Amino acid sequence: MIQQLIAGIVIFFFLLKLLNQWKKKTISANEFIFWLIFWVSAILIVVFIKQIDQIVIKLGFSSSAINLVFYLAVLFLFYLIFKMRLKIVKIEKNITDLARQITFLKK
Amino acid sequence: MKIACVIPAYNEEKNIAKIIEQVKQIVDLVVVVNDHSSDKTKEILDNINDLKIAVLHHPINLGQGAALQTGNDYSIKHGCDIIVHFDADRQFLAEDIRKIVSPIIEENYDIVLGSRFMEIKSEIPKFKKNIIMPIAKIFNRLFFNIKTSDPQNGFRAMKSSVAEKIKIENDRMAHCTEILAKAFKYGLKIKEVPVKVLYTEFGQKFSGGFKIIKDLFLKKISN
């Protein structure tokens, strides 16, 4: 129960931050919806952790629901890092093109 | 035939003036690309007043591959027929430029690559020769179908039409593999010629090899 409460507070903190970012218009609508779904899902997992535990057992997994959530979270983080890396490569390419144009302009 | 020699320079205040002096005797245009050096390279280059020498300054440090592409773009724009890639650290000999452009002029080759492993033997550091280079060779052969004796040699010459085709996208050190991979992919007429390389200090480190592999991988999946 205490663990669920702590997790709830942490998620609530991130939701507030998300709403704040949305108010300041520092994130796009799509990003806001994505992260809203993400954190609401996290709350649902925390609230219905016992029910998810039973589903996990029925599906034949030996680990508990919280372990499964962690595995999925790690996989998700890997995916995010990968996507960010690709984005950085593209930004680097744009910077190179821009720097080259400046080089020729100065010539 | 108008020959341009592209020299990327990053913190080469000790070598750049001598290299330019040697190279300009052999080619029609020397294109020096200062890759945002933090030493006096920029000042030295800005004092040069010679129509045969074009000096370009990158506003930020982009890497050797990017500097070569900038030089290629400039050479193509200025009507050069052959583009030579040359290092500013005095590892290559300027007189070898004649040898490297000759197969393009006389035998109509598309791209000519310098090799340290043909008749002329360079004094390559043992670790580099016996560990780094064989691994690089196997990697290049396996993943990019590159079948040359010295895939990591930066001394090369190509026709301008080839430079237009081979756009260097790897800004840093992975450009060597990229150029060769594209040359083989496009089925270009390739020749290797022996060149001498002088080792003033230990060049590419083992960790640098991994960085090249990482850069190539990222570039491949981001395209």
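Within every chain, residues take consecutive numbers counted from 1 along the sequence as written. The order in which chains are written sets their letters, starting at A; the order in which ligands are written sets their numbers, starting at 1. Since the coordinates come from a predicted model, pLDDT governs what is reported: local features require at least 70, and pairs of side-chain atoms require 80 or more to be given and counted, while whole-chain, interface and lining totals use all residues.

K.L.:
What should I look at first to understand the overall build of chain A in this one?
P.N.:
What counts as a helix is a DSSP run of H or I of at least four residues, what counts as a strand is a run of E of at least two, and both are numbered from the N terminus. Summing up its helical and strand segments, chain A has four helices and zero strands in all. Using C-alpha atoms as the atom set, the radius of gyration is obtained and then compared with a globule rule of 2.2 Å times the number of residues to the power 0.38. In summary, chain A has a C-alpha radius of gyration of 20 Å against a globular reference of 13 Å for 107 residues, an excess of more than 25%. If one aligns the C-alpha atoms of chain A with their principal axes, the spans along those axes are about 70 × 35 × 20 Å.

K.L.:
Is there a simple way to think about helix H1 (residues 16-23) of chain B in this case?
P.N.:
It helps to recall that an α-helix has 3.6 residues per turn; residues three or four apart then point in one direction. All names here are of chain B. Each residue is classed by its C-beta neighbour count within 10 Å, where at least 20 other C-beta atoms makes it buried, 12 or fewer makes it exposed, and intermediate counts make it partly exposed; the C-beta atoms are placed from backbone geometry. What H1 keeps buried is the set Ile16, Ile19, Ile20 and Val23. Along H1, the residues classed as buried sweep out an arc of 100° about the axis, all on the same side. Those residues of H1 that are buried lie in contact with strand S1 (3-9), strand S2 (29-34), helix H2 (41-46), strand S3 (53-57) and helix H4 (96-107). Each direction from the helix axis to a C-beta atom contributes to the arc, which is the arc of those directions. Residue pairs are scored as contacts if the distance between their C-beta atoms, which are placed from the backbone, is within 7 Å.

K.L.:
Where do I start with unusual backbone geometry in this structure?
P.N.:
As a rule of thumb, non-glycine residues mostly have phi less than zero, and peptide bonds are mostly trans rather than cis. A positive phi angle, close to 60°, is found at Lys25(A), a residue other than glycine. Position of Lys25(A) relative to the elements: it lies in the loop between helix H1 (2-23) and helix H2 (29-47). Given 9 C-beta atoms within a 10 Å radius, Lys25(A) is considered exposed. Even without a glycine there, the phi angle at Asn11(B) is positive, about 55°. With respect to the helices, strands and loops of the structure, Asn11(B) is situated in the loop between S1 and H1. Its 18 C-beta neighbours within 10 Å are what place Asn11(B) among the partly exposed residues.

K.L.:
It is not clear to me how the nonpolar core should be interpreted in this structure. Could you clarify?
P.N.:
Buried together is how nonpolar side chains tend to be arranged in soluble globular proteins. Note on definitions: a nonpolar core is a set of buried residues drawn from Ala, Val, Leu, Ile, Met, Phe, Trp, Tyr and Cys, linked by C-beta atoms within 7 Å. Of all hydrophobic cores here, the largest spans 57 residues; its most connected members are Ala4(B), Cys5(B), Val6(B), Ile7(B), Val31(B), Val32(B) and Val84(B). A per-element tally of this core places S1(B) first, with six residues.

K.L.:
Where do I start with the sheet that holds strand S7 (residues 190-194) of chain B in this structure?
P.N.:
By definition, the strands of a sheet pair up through backbone hydrogen bonds, in either a parallel or an antiparallel sense. All names here are of chain B. By the convention used here, strands pair only if DSSP detects at least 2 bridges between them. Here seven strands make up an open sheet; going across it, the order is S3-S2-S1-S4-S6-S5-S7 and the pairing mixed. Both outer strands of the open sheet, S3 and S7, are each paired with one neighbouring strand and no more. For this sheet, the mean inter-axis angle between neighbouring strands, taken without regard to orientation, is 20°. Pairing of S2 with S3 involves five bridges; the strand directions are parallel. When the bridges of S3 are listed, Asn34 appears paired with His57. Between N-to-C directions, angles cover 0 to 180 degrees, with each direction set by a line fitted to C-alpha atoms, over the stretch in contact for helices.

K.L.:
Please clarify how H1(A) should be interpreted in this entry.
P.N.:
Residues and elements named next belong to chain A. Every helix has an expected span of 1.5 Å times one less than the residues it contains. Compared with the 32 Å implied by 1.5 Å per residue over 22 residues, the 31 Å span of H1 between its first and last C-alpha is a close match. Sparse coverage of H1 is indicated by the burial of zero of its 22 residues. One or two steps after H1, the chain reaches Lys25, where phi turns positive at roughly 60°.

K.L.:
What am I meant to see in the interface of chain B and chain A here?
P.N.:
By a widely used convention, the size of an interface equals the accessible area lost when the partners come together. On the side of chain A, 12 residues touch chain B, which itself brings 13 residues to the contact. Elements with a minimum of two residues in the side of chain B that touches chain A: S3, helix H3 (64-77) and helix H8 (206-222) of chain B. Take the side of chain B that touches chain A: its biggest share by element is four residues, from H8(B). Amino acids are sorted into nonpolar (Ala, Val, Leu, Ile, Met, Phe, Trp, Tyr, Cys and Pro), charged (Asp, Glu, Lys and Arg) and polar (every other residue, Gly among them). Tallied by class, residues from the side of chain B that touches chain A come to seven nonpolar, four polar and two charged.

K.L.:
Hey, could you run me through the packing of helix H3 (residues 49-58) of chain A against helix H4 (residues 65-106) of chain A in this one?
P.N.:
Axis angle and axis distance: for two packed helices, these are the angle between their axes and the distance between the axes, and together they describe the pair. Residue and element names in this part refer to chain A. Between H3 and H4, the shortest axis-to-axis distance is 8 Å and the interhelical angle comes to 85°. On the basis of the axis angle, H3 is roughly perpendicular to H4. Listed contacts from H4 to Ile49, Ile52, Asp53 and Val56 of H3 are Ala65, Ile66 and Leu68. Classifying every residue of the contact of H3 with H4 by side-chain character gives six nonpolar, no polar and one charged. Note on terminology: angles under 35 degrees are roughly parallel, angles over 145 are roughly antiparallel, angles of 65 to 115 are roughly perpendicular, and the others are oblique.

K.L.:
Looking at this structure, I do not really get the pairing of S1(B). What am I missing?
P.N.:
Note on strand geometry: in a regular strand, side chains alternate between the two faces of the sheet. Residue and element names in this part refer to chain B. Counting buried positions over the seven residues of S1 gives seven, a clear majority of the element. Side chains Ile3, Cys5, Ile7 and Ala9 of S1 all project onto a buried face; the interleaved residues Ala4, Val6 and Pro8 project onto the opposite face, where all are buried too. Here S1 pairs with strand S4 (residues 82-85) via four bridges, running parallel. Bridging across to S4, Ala4 finds its partner in Ile83. Where S1 lies against S2, six bridges are found, and the strand directions are parallel.

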